[in-house]
Amino acid sequence: METADILVVGTGAAGLFNALQLPEKYKVLVITKSEADQADSFLAQGGMCMLLDDDDYDSYFEDTMKAGHYENNKESVDIMIRSSQHIAQELVDYGVDFQRDENGNFEFTREGAHSENRILFHEDLTGQEITSKLLARARERKNITIRENTTLVDIICDEKANVCKGGIIRNADGTLEEVRTQAVVLATGGIGGLFQFSTNYRHITGDALAIAMRHHIEVEHINYIQIHPTTLYTTKPGRSFLISESVRGEGAYLYNKDGERFVNELLPRDVVSQAICKQMEKDGRPYVELSVTHLDPDFVRNRFPNIYRQCLKEGYDMTKEPIPVTPGQHYFMGGIKVNSDSETSMDGLYAAGETSCNGVHGRNRLASNSLLESLVFAERAANHIAETVEAGKPMPTDEIPFDPAFYADIDEKNRTEVLKAIKRKDEAFYDQWLDHDA
Ligand SMILES: Cc1cc2nc3c(=O)[nH]c(=O)nc-3n(C[C@H](O)[C@H](O)[C@H](O)COP(=O)(O)OP(=O)(O)OC[C@H]3O[C@@H](n4cnc5c(N)ncnc54)[C@H](O)[C@@H]3O)c2cc1C
């Protein structure tokens, strides 16, 4: 058995930022299911939104609400937007290098459904820049231990008293171990690994969601799942490669099989995805085409070096020819229900990042709001813990008996539970995007 003050589950933007923002007096154990840099946060291409100035507030608020079909929690949106400038500054303090102009001021790009250029970026590798710096800082901290290839299979809790007391983890060698802590922060990301076509890492499978449902912890909008309009079409198995919305933001066009545009490329993601699906059906092809051939080739290569390289690897020179794109699962707007301090419905249990639902994205997330949301609400969880949890409090060392046989096929059990919950809530969505799993 192991003890710590705080157990943080996940090494994406939410988990790492939470661990770093916790006061150093806490003994913090961070676990992650795979290698520490195998988190969706490292894959983010487009960037991270930041409020430009006071004049931008109404427009940023409206863009977020409109993309979310006005189902967003307004308090969460307000908190996220108002926190964005200090979060950007904290990232810079941790060593993050955002694109700047010749005067040293931030440069901003734009993506679909934004009415202003308000997205901070680092080439088309913004997530890697942010998250690798956070990981480097976390590794330097004496109070933080990171254990890789270590999976949370359950929480330890007293359901009657509604208190979380730690977690049951599966170590790299397959052994199960109890970790007793005062608080647990779930930052396990989305659910893309449940889908055949997704931009997410395959091991990101909504484990925390299944654990929450098993213990009657509230979840919300489990069917609010974002399908991104443009992933690179391929017949190869594995993670789909994302063609960032910022490519359309910088002027790319979508074409049908006759080389005609069929949709305004900068409409919200769900609208563009639907238009592409309809067009693919009409065309009788599993993809449509995305073209930047009318843009300056040097600009394309410099602005999107990662996407350009990946397309070349797949046999397409995007500066000379259109590339085939198709919609794929990308993001989960629903999740474990949390308040504005990222507290779940169980005491001592927090959730932040994509696995949580504070309602900020409504029914559909606005581009580049999710790294920001992960960071803002991970920090708020850390602040709440700092106010309520005493550091170094002796942990009970009595082991709480559990049945190892129950965890023998836990990955399959979790997967089935989440898929069943999606189907119960939204059969049409399940049939369209998940029926291969039925
Ligand atoms: C290709 C791509 C591009 C994107 N581009 C952008 C963008 O430009 N801007 C933007 O704002 N957002 C973007 N997003 C979304 C954004 O990256 C994610 O929503 C956000 O990073 C989620 O962060 P997170 O910390 O919640 O989860 P993640 O970064 O996914 O981290 C989850 C962590 O939990 C761990 N984990 C999972 N289950 C367990 C378990 N049972 N036990 C232990 N550990 C576990 C994983 O190993 C991982 O370390 C993009 C996403 C993808 C996939």
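Conventions adopted
Residues numbered from 1 in each chain as written. Predicted model: local features only at pLDDT ≥ 70, side-chain atom pairs only at ≥ 80, totals over all residues. Heavy atoms only, no water. Helix = DSSP H or I, 4+ residues; strand = E, 2+ residues; numbered from the N terminus. Contact = heavy atoms within 4.5 Å. Buried < 20%, exposed > 50% of the residue type's maximum accessible area, 1.4 Å probe, protein only. Pairing = 2+ DSSP bridges. Phe/Tyr/Trp six-rings, centres within 6.5 Å; stacked < 30°, edge-to-face > 60°. Near = heavy atom within 4 Å. Polar contact = N/O pair within 3.5 Å; in protein donor to acceptor, adjacent residues only side chain to side chain. Nonpolar A, V, L, I, M, F, W, Y, C, P; charged D, E, K, R; others polar.

J.: Would you mind showing me how to read the side chain of Ser374 here?
T.: Its location among the elements puts Ser374 in helix α10 (residues 370-388). Beyond its immediate stretch of four places on either side in the chain, Ser374 contacts Ala13, Ala14, Gly353 and Glu354.

J.: It is not clear to me how the pairing of strand β6 (residues 144-147) should be interpreted in this structure. Could you clarify?
T.: Remember that side chains alternate between the two faces of the sheet whenever the strand is regular. Residues Ile144 and Ile146 point to one face of β6 and are all buried, whereas Thr145 and Arg147, pointing to the other face, are not buried. In this sheet, β6 lies alongside strand β3 (residues 28-31) in parallel orientation, the contact comprising 4 bridges. Considered in β6, the bridge of Val28 is made with Ile144.

J.: Explain the packing of aromatic side chains here, please?
T.: Working definition: an aromatic ring pair is given by the centre-to-centre distance plus the angle between the planes. In the structure shown here, the tally under the stated rule is 9 aromatic pairs. Between the aromatic rings of Phe406 and Tyr407, the centroid separation amounts to 5.0 Å while the plane-to-plane angle is 90°, which identifies the pairing as edge-to-face. With a relative accessible area of 29%, Phe406 lands in the partly exposed category. Since its relative accessible area comes to 9%, Tyr407 is described here as buried.

J.: Can you help me understand the site of the ligand in this one?
T.: Surrounding the ligand, one finds 40 residues, the nearest of these being Ser41, Gly47, Asp207, Glu354 and Leu371. A distance of 2.5 Å separates an oxygen atom of the ligand from a polar atom in the side chain of Ser41. Contact between the ligand and Gly47: a nitrogen atom at 2.8 Å from a main-chain N or O atom of the residue. When residues of the shell around the ligand are traced back to their parent elements, those giving at least two are α1 (13-21), β7 (151-158), β15 (323-332) and α10. With 3 residues, α10 is the largest single contributor of residues to the shell around the ligand. Residues belonging to the shell around the ligand are distributed by class as follows: 12 nonpolar, 23 polar and 5 charged.

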